Structures are given as structure tokens and as C-alpha cells.
Amino acid sequence: MLTPCYAAIYLVTSLASKAQTQKHGITQANELVNLTEFFVNHILPDLKSANVNEFPVLKADGIKYIMIFRNQVPKEHLVVSIPLLINHLQAESIVVHTYAAHALERLFTMRGPNNATLFTAAEIAPFVEILLTNLFKALTLPGSSENEYIMKAIMRSFSLLQEAIIPYIATLITQLTQKLLAVSKNPSKPHFNHYMFEAICLSIRITCKANPAAVVNFEEALFLAFTEILQNDVQEFIPYVFQVMSLLLETHKNDIPSSYMALFPHLLQPVLWERTGNIPALVRLLQAFLERGSNTIASAAADKIPGLLGVFQKLIASKANDHQGFYLLNSIIEHMPPESVDQYRKQIFILLFQRLQNSKTTKFIKSFLVFINLYCIKYGALALQEIFDGIQPKMFGMVLEKIIIPEIQKVSGNVEKKICAVGITKLLTECPPMMDTEYTKLWTPLLQSLIGLFELPEDDTIPDEEHFIDIEDTPGYQTAFSQLAFAGKKEHDPVGQMVNNPKIHLAQSLHKLSTACPGRVPSMVSTSLNAEALQYLQGYLQAASVTLL
């Protein structure tokens, strides 16, 4: 039988709710029901009771009220409820402590003015120690050792509190590592596991932002657990481990520590790359190796470069994973000393042309365009022309005519467009054959296509036959890849320091070219460029305060 308290909460909740979403709770409430008054007079008194274990159904309903009407109750009343919810994390009832964790997590995600979190770290600071203590204690309560709502609340608390967790980080990472080792014996709760790894990433990010040298402490705490996971081949956790290791490695400012270099050869083993769930995390980790330790790899692990290129070859053969192959290839080109990859360059291009010939897709072409322009930036426009024509006479012209000029509009992403713009500018202004051979006829169409890249909308059309890419052969169960939000990699701009504004860079480069061969550039531009493109170009020249001679 319902007591009056239960009945009242049920009645208010039913009458007041007009529109509700899982993300935001009640979004429209009945104006005839005073939700704040009911909260202050009936919900808060029940939650202020010293005994968190009495009347569990009533307390669960009270906490649920906070969750549902969090957008209608004023902030000053919600603040009062936070220590009460923290207290109820200790409740023996699995429903009560789960609701308490979920309510805290929802409150910590609420947004106020300017889209900032409604509650600040400073406002939660008085409760930090008890909040963290009770959240981890809740994981020891019967039935909640892998409670995803509690782990999500831990993750969200770290995210909100930021530097405020640093004094407790040694204890926190120890508890997270112990939990990681325990659940790795038999992973059964995917959401719990995901939030646990997110919490680990947050610990690393927050602490190492304040003190980069602390990365060593995290490695000491985590590597034993990571080694056990890798040795026991815990498939569900391996992609997560690689993502966390990438984050740790990227935090190092100097050369790669020897502990990572010992792992490097094992990352190239074909068996790891057979599992599709491993691929994005493995590529990210290899990219981190290349960014931080390309010289070490070139000098101490040069015999592993063919293995690295073997991984690239396997990836670009797959329509599903070819973009990952290009991520890896771009990092090799950008970071490895040129002499360490000289002997492999021609074979790389031959493999790419074979794939273009056999199964060309829009995704592959976009990645190919970014790669060849990055190659042009790194090694020079003449080197790109020579390697194309070294594979087959006049191939450079065919690539310009059949791929670069007609397809460049398909490139998406600000950094990708910038790489292509700088690369094409080099082809236009730093490649002598473009000015005095049969390739000269392609100079103006190439400039036109570059102005189009700057000014026209992106071409996002995809041929009909590509809407149904073949499903690759992946026999049996395959662990899916889950991206960790807090292990996310910062967007890297390989031409950031060299070129700030690619339009100004084009104008300056054309001016420099025109001074080397007076009269030719204005003639080519005025006779062949369409009127609209010419107008845009004149705007670039004015902005750069230069003219064509």
C-alpha cells in the first residue's frame, strides 16, 4: 500500500510532467504545480535524514524527483541537494546508491549561461574528498562492483573538478588500476569498462597538464596491468590499452622511453592487425611512436621500417581501413628522416596506383590527395613530379589532369584543405616543368581548381555504387573499436608553423614566381582563368600587398 509521501511524489511527478527527454529530464512542466516548493518542503527533508538506509523506496523516489525536475528547480536548491546525494552513495540499497550516482552525474552535466557547466569546480570543492571517497566506496557495495552509473559519475566528477582532484590522484589511480585488473579477468559490462578507461585518461590529462613529468608515475601504476591484459589477450580491453598508451606517449616531450621501444616490434605483428577493433588504436599508437621517436626508430629499429610499411600496405588494401593506412603513411612521410625511407618511396606510390586502378573510391581519392600534397610539402614539388614520371613517363600530367584538378573539391576538413592548398601552391610556383614543358597547359586549370578549393562549397557527392561498399571478411566475433573521448588526439597541422593563411601564401608565391619570369604569370592568368576566379585571385594579391610582374 502506498503511504501519503509516496503517493504525493507520484502524483506531482505525473501532473507536472508535460515533455521529457532522457538527456535533459523534464523539458516542459505544468505551471499549476509548484515544483520548487514541493522540493523544499517534501523532498529535501526526507533526504536530510541521518539514516540513509531507512525508507529506501521513499529516498529513491526523492532522488528520482531531483533527476527528473533538475531543470525546473533553481540552482540554489540543487546545490543544497549535492551533499545529500553524496551521502546517499553509502546507502545499502542498490537502487538508492545507483540513483544517487546517476543524479550527481546528471547535475554535473547541466549547462548554464554561455554553455558552461551549471556547477563550477569551486562550488563542488568543499565536497571533493567525501564525493570521491563515497563514489569509490559505492563500488564495494554488494551488487555494485561493476555499476556503470557509479563509474560514469566518477568520470564526470573528474571532468568537472579538473585540478581539484590532483591532491587525491595517487589514491584514485591506485583504485582505478585495481578495478581494471579485477574486471579484466572477465569483462562483462561494456559501459562500465568504457567509463573506467575514460576516468583513467582524465586522471592522466589533468595531472600531466599541471606537471608533465608525472607521466612516469602513471606508467609505473598502469603498465603492470597493461602487460597482463596484453599477455592474456583480453580482446575487449586491448584497443583501450593502446589508446591510453598513445596518450601517455604523446605526453612525453623528449625521446621515446626504452620501455616503449621494447614494445614497438610487437605492435607490427600481423595477428594484432587481424582484429578490426584494434586498428584505429594501433594506428594512433604507431603515429605517437613516429611523432616522438622517428630518429630513434631510424637509428635503432631501421629493420622494422619494412614491417611498418607492411602494415600500411595491408590497410590501404581494405576499403574499410584505407584511411587508417594513410594516417600512418602521412606520419611516416612527415616525421621519419628522408634517408630512412628513400628506398621505399617508389614502391609506396606503386602500391597506391595499383589500388587506384583496381578499386577507386571517393574516400581513397580524398586521402590520396592529402598524401601527395603532404609529400610535395615535405620533399618538394620537383621531387613529386620526378617520382611520378619515374614510375611511368608523363604520369605526373595524368595525375594532375585525372585526379588533382577534377577531384580536389572533394577534400574535406580544414587541415586537409590547408595541406592541399600549400601543396598545390608549390606545384604551381616551385616546379619548373610546370612552366616550360607540355605540363604548362595544366598550370591555369590547376590554379583554377585551387581557387575553387578556397571559394566553392565542398563536393560531397558520392557515386551510387559506393553507397554499398562490400562488407569485408571478418569471420567470427570481432571486438568493435570504442573511441575514448578523453584520450582524444589534438588535431595536428603539419604546415601550421610554415603557413598561416594559404590564400596569402598563394599570392606571395605567385609574386615570387612572377619576379623570376616577368610577364608570363599575368599573361597565363588573364587569358585562361575565368572571371570569377580572377576576381578572387586579385583579392588575395591585394590582401598580401603584392602584384604580378
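Keep in mind it's a predicted model, so treat the numbers as computed, not measured.

**Let's talk about the confidence of the model for the chain**
For the chain, mean pLDDT is 90; residues scoring 70 or higher make up 91% of the total. Long-range and interchain partners of residues 468–477, a stretch whose pLDDT sits below 50, account for 6 contacts in this model, where long-range means more than four residues apart.

**Description of the pattern of salt bridges**
Taken as a whole and judged by the stated rule, the model has 16 salt bridges. Among the salt bridges present, the one from Arg345 reaches Asp342, with a minimum N-O distance of 2.1 Å. Owing to a relative accessible area of 41%, Asp342 belongs among the partly exposed residues under this scheme. For the salt bridge of Asp493 with Lys418, the shortest nitrogen-to-oxygen distance reads 2.9 Å. Pair noted here: Asp493 is in the loop between α25 (443–455) and α26 (502–516) and Lys418 is in helix α23 (residues 414–429), with a separation of 75 residues, a long-range link. By sharing partners, the salt bridges in this structure join Glu105, Arg106 and Arg156 into a single network.

**Let's talk about the nonpolar core**
Formed by 194 residues in total, the largest nonpolar core has its most connected members in Phe197 and Trp443. The contact partners of Trp443, leaving out residues within four places of it in the chain, are Leu428, Met434, Met435, Leu510, Leu513, Val521, Met524 and Val525.

**Description of the packing of aromatic side chains**
Each aromatic ring pair is described using two quantities: the centre-to-centre distance and the angle formed by the ring planes. Scanning the entire structure with this criterion turns up 22 aromatic pairs. Their ring planes at 75° and their centres at 5.5 Å tell us that Phe223 and Tyr260 sit as a pair that is edge-to-face. With a gap of 37 residues between them, Phe223 in helix α11 (residues 215–231) and Tyr260 in helix α13 (residues 258–267) connect regions that are remote in the sequence. A residue is classified by how much of its surface remains accessible, and Phe223, at 18% relative accessible area, is buried. Judged by relative accessible area, which is 0%, Tyr260 ranks as buried. Taken together, Phe326, Phe349, Phe353, Phe364, Phe368, Phe371, Tyr375, Tyr379, Phe388, Phe396 and Tyr439 form an aromatic cluster joined through their ring pairs.

**Re the side chain of Ser49**
Within the fold, Ser49 resides in the loop between α2 (35–47) and α3 (56–68). Looking at Ser49, the relative accessible area reads 18%, which means it is buried.

**Some remarks on unusual backbone geometry**
The phi dihedral of Gln162 falls on the positive side, at around 50°, and the residue is not glycine. Tracing the backbone shows Gln162 in the loop between α8 (148–161) and α9 (169–184). At Ser545, a position not held by glycine, the phi torsion is positive, near 55°.

**What to know about the environment of Ile387**
Relative to the helices and strands, Ile387 resides in helix α21 (residues 381–391). On the basis of relative accessibility, which here comes to 13%, the residue Ile387 falls in the buried class. Note: C-alpha distance between Ile387 and Arg345 (42 residues apart in sequence) is 8.3 Å. Not counting residues within four places of it along the chain, the set of residues in contact with Ile387 comprises Arg345, Lys346, Phe349 and Tyr375.

**Focus on the environment of Leu534**
Its location among the elements puts Leu534 in helix α28 (residues 531–543). For the pair Leu534 and Val283, spaced 251 residues apart in sequence, the C-alpha separation works out to 42 Å.

**Structural notes on the packing of helix α20 (residues 362–379) against α23**
Here α20 crosses α23 at 55°, and the two axes come no closer than 8 Å. Considering their axes alone, α20 and α23 lie oblique with respect to each other. You can see that α20 and α23 cross each other, and the crossing is left-handed. Across the interface between the two elements, Leu369, Val370, Asn373, Leu374, Cys376 and Ile377 from α20 touch Glu416, Ile419, Cys420, Val422, Gly423, Ile424, Lys426 and Leu427 from α23. Each residue belonging to the contact of α20 with α23 can be placed in one class, and the counts come to 10 nonpolar, 2 polar and 2 charged.

**So, helix α27 (residues 520–528)**
Burial in α27 covers these residues: Val521, Met524 and Val525. Around the axis of α27, the buried residues are gathered within 95° of arc, so they sit on the same side. Summarising the contacts, the buried residues of α27 are in contact with α24 (433–436), α25, α26 and α28.

**Remarks on α2**
It helps to recall that an α-helix has 3.6 residues per turn; residues three or four apart then point in one direction. At Asn41, α2 shows its maximal kink, close to 30°; a proline, Pro45, follows between one and four residues later. When α2 is considered as a whole, its buried residues turn out to be Leu35, Thr36, Phe38, Phe39, Ile43, Leu44 and Leu47.

Analysis parameters
Residues numbered from 1 in each chain as written. Predicted model: local features only at pLDDT ≥ 70, side-chain atom pairs only at ≥ 80, totals over all residues. Heavy atoms only, no water. pLDDT = per-residue confidence, 0-100. Contact = heavy atoms within 4.5 Å. Salt bridge = Lys/Arg side-chain N within 4 Å of Asp/Glu carboxyl O. Buried < 20%, exposed > 50% of the residue type's maximum accessible area, 1.4 Å probe, protein only. Helix = DSSP H or I, 4+ residues; strand = E, 2+ residues; numbered from the N terminus. Core = buried A, V, L, I, M, F, W, Y, C linked by side-chain atoms within 4.5 Å. Phe/Tyr/Trp six-rings, centres within 6.5 Å; stacked < 30°, edge-to-face > 60°. Axes fitted to C-alpha atoms, helices over the stretch in contact; angles between N-to-C directions. Parallel < 35°, antiparallel > 145°, perpendicular 65-115°, else oblique. Left-handed = near helix turned anticlockwise from the far one by under 90°. Nonpolar A, V, L, I, M, F, W, Y, C, P; charged D, E, K, R; others polar. Arc of directions from axis to C-beta. Bend = angle between axes of the 7 residues up to and from the residue.

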